[in-house]
Amino acid sequence: MALPERSLEPHAASGPRGSTLRDLLIVLAVTVATFLFAATVELNEWLLSLTRPLEPYQLDELPLTIVMLVLGMGWFSWRRWAAFSKENELRLATQRAVAELLTENRLLSQKNVLAQEEERRILARELHDELGQSLNAIKLDAVAIRQRVREEDDETHDNACAIIEVANHVHETVRTLTQRLRPVALDELGLRDALELYVSQWERRNPPVVCRFEVSGVLDQLGELVNITVYRCVQECLTNITRHAQARLVKISVTREVKSLTLVVEDDGRGMNLTAKREGLGLIGLRERAESLGGNLELKGAPDRGMRVSLSFPLPKVDGQS
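None of these values were measured; they are calculated from a predicted model.

**Things to note about the sheet that holds strand 4 (residues 296-301)**
Strands belonging to one sheet form pairs held by backbone hydrogen bonds; the direction of such a pair is parallel or antiparallel. Read from one edge of the open sheet, five strands run 1-2-3-5-4, paired in mixed fashion. In this open sheet, the two strands that pair with only one neighbour each are strand 1 (210-216) and strand 4. Here the average twist between neighbouring strands, direction ignored, is 10°. Docked against the sheet, helix 7 (residues 191-205) engages strand 1 and strand 2 (249-256), running at close to 170° with respect to strand 1. Relative to the sheet, helix 8 (residues 224-245) contacts strand 2, strand 3 (260-267) and strand 5 (307-314), its axis offset from that of strand 3 by approximately 10°.

**What to know about the packing of helix 8 against helix 9 (residues 282-292)**
Packing of helix 8 against helix 9 leaves a shortest axis separation of 10 Å and a crossing angle of 160°. The orientation of helix 8 relative to helix 9 falls into the category roughly antiparallel. Once helix 8 is placed against helix 9, the crossing between them reads as left-handed. Residue-level inspection shows Ile228, Thr229, Arg232, Cys233, Glu236 and Cys237 of helix 8 in contact with helix 9, the latter providing Gly282, Leu286 and Arg289. Looking at side-chain class alone, the contact of helix 8 with helix 9 contains four nonpolar, two polar and three charged residues.

**Some thoughts on the confidence of the model for the protein chain**
When pLDDT is averaged along the protein chain, the result is 80; 83% of the residues meet or exceed 70. Across the protein chain, the element-wise mean pLDDT spans from 46 in helix 1 (residues 9-13) up to 94 in strand 2. Scored below 50 in pLDDT, residues 1-13 shows two contacts in the model against residues more than four places distant or in partner chains.

**Quick word on the packing of aromatic side chains**
Overall, the coordinates contain one aromatic pair when judged by the stated rule. It is Arg80 that lies over the ring of Phe76; its NZ or CZ is 5.0 Å from the centre.

**Comments concerning the nonpolar core**
With 44 residues, the main nonpolar core has Leu238, Val250 and Ile252 as its most contacted residues. The element that contributes the greatest number of residues to this core is helix 8, accounting for 11 residues. Those residues within four positions of Ile252 in sequence are excluded, and the remaining contacts are Val199, Cys211, Arg212, Phe213, Glu214, Val234, Leu238, Leu263, Val264 and Val265.

**Observations regarding the pattern of salt bridges**
Within the structure shown, the criterion is met by four salt bridges. For Arg175, the salt bridge identified is with Glu172, shortest N-O distance 2.6 Å. Taken as a pair, Arg175 and Glu172 lie in helix 5 (residues 154-181) at a separation of three residues, close to a single helical turn. Look at Arg175 and you get partly exposed, because its relative accessible area is 46%. Among the salt bridges present, the one from Lys300 reaches Glu298, with a minimum N-O distance of 3.5 Å. The class of Lys300 is partly exposed, set by a relative accessible area of 45%. For Glu298, a relative accessible area of 35% corresponds to the partly exposed category.

**Details of helix 7**
Over its 15 residues, helix 7 extends 21 Å from the first C-alpha to the last, a length consistent with the 21 Å expected when each residue adds 1.5 Å. Those residues of helix 7 lying buried are Leu191, Ala194, Leu195, Tyr198, Val199, Gln201 and Trp202. What you see down the axis of helix 7 is that its buried residues fit within an arc of 165°, all on one side.

Criteria and cut-off values
- Residues numbered from 1 in each chain as written.
- Predicted model: local features only at pLDDT ≥ 70, side-chain atom pairs only at ≥ 80, totals over all residues.
- Heavy atoms only, no water.
- Pairing = 2+ DSSP bridges.
- Helix = DSSP H or I, 4+ residues; strand = E, 2+ residues; numbered from the N terminus.
- Axes fitted to C-alpha atoms, helices over the stretch in contact; angles between N-to-C directions.
- Contact = heavy atoms within 4.5 Å.
- Parallel < 35°, antiparallel > 145°, perpendicular 65-115°, else oblique.
- Left-handed = near helix turned anticlockwise from the far one by under 90°.
- Nonpolar A, V, L, I, M, F, W, Y, C, P; charged D, E, K, R; others polar.
- pLDDT = per-residue confidence, 0-100.
- Phe/Tyr/Trp six-rings, centres within 6.5 Å; stacked < 30°, edge-to-face > 60°.
- Lys NZ or Arg CZ within 6 Å of the ring centre and 35° of its normal.
- Core = buried A, V, L, I, M, F, W, Y, C linked by side-chain atoms within 4.5 Å.
- Buried < 20%, exposed > 50% of the residue type's maximum accessible area, 1.4 Å probe, protein only.
- Salt bridge = Lys/Arg side-chain N within 4 Å of Asp/Glu carboxyl O.
- Expected span 1.5 Å × (residues − 1).
- Arc of directions from axis to C-beta.

The following block contains the structure:
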């Protein structure tokens, strides 16, 4: 709830200008009070009478010396304040420059991700259309040869069957590569169904592992960049679990809130020492993807205690949202 304008006035008075004016008034008040006190008790005459017996030791010059010391310390303080102000201005300018560079770097990272995904989409289409059609033609010719020589030439028949098997294997490999390059389900079904399909396929390829997938909120109208980021992060996490975790249970949850989205991947595997130096690039890639969207990556885990990867980032504004 917004506060009334009059409630903000005391806060404005306690700002930097109000504090400076108050301190200045205090200094002036103390100075005037000191003058009045000195004039009332005739401080100067009292100090002269007090220090006159010490004149052989030149101690009667101490008041002037102390005054000069105070003035010198005041000048020294002013010089330090001026230097600090200059350094503070330079620091603020550097911070602004760093913030601008980080913003530009984030935009470049987003464009790089989109360009990379576009290249992958084109390559996947070429593999599917060109190589897939060629493999189908080879397989059809081999099937025709096998049918014609079924009773005449056993060796040719066996060769045709071998060609069919190789064509099927290459076709399956091309399909897997195409899926890795660009998930077709992401374009045709949307993020939620694409993730469910990928998780179910991954679970079938890793039968000892149980994978639980949960979604909270509607994963629609998130934009291409968010969709591919979440999908690639899940893909990278499951790949790491397959290679290193030796887990038995994996939990994946995607939670969409009004202005943010959170992805959490947990496993009960071997875990890792988060303080040790890591040579792999998987977690670095996850962090860069999260930071490119203005989010962050949080890791929790320990050796033999599993691993928890949490990514959260703000969602871009959709038309109609404030």
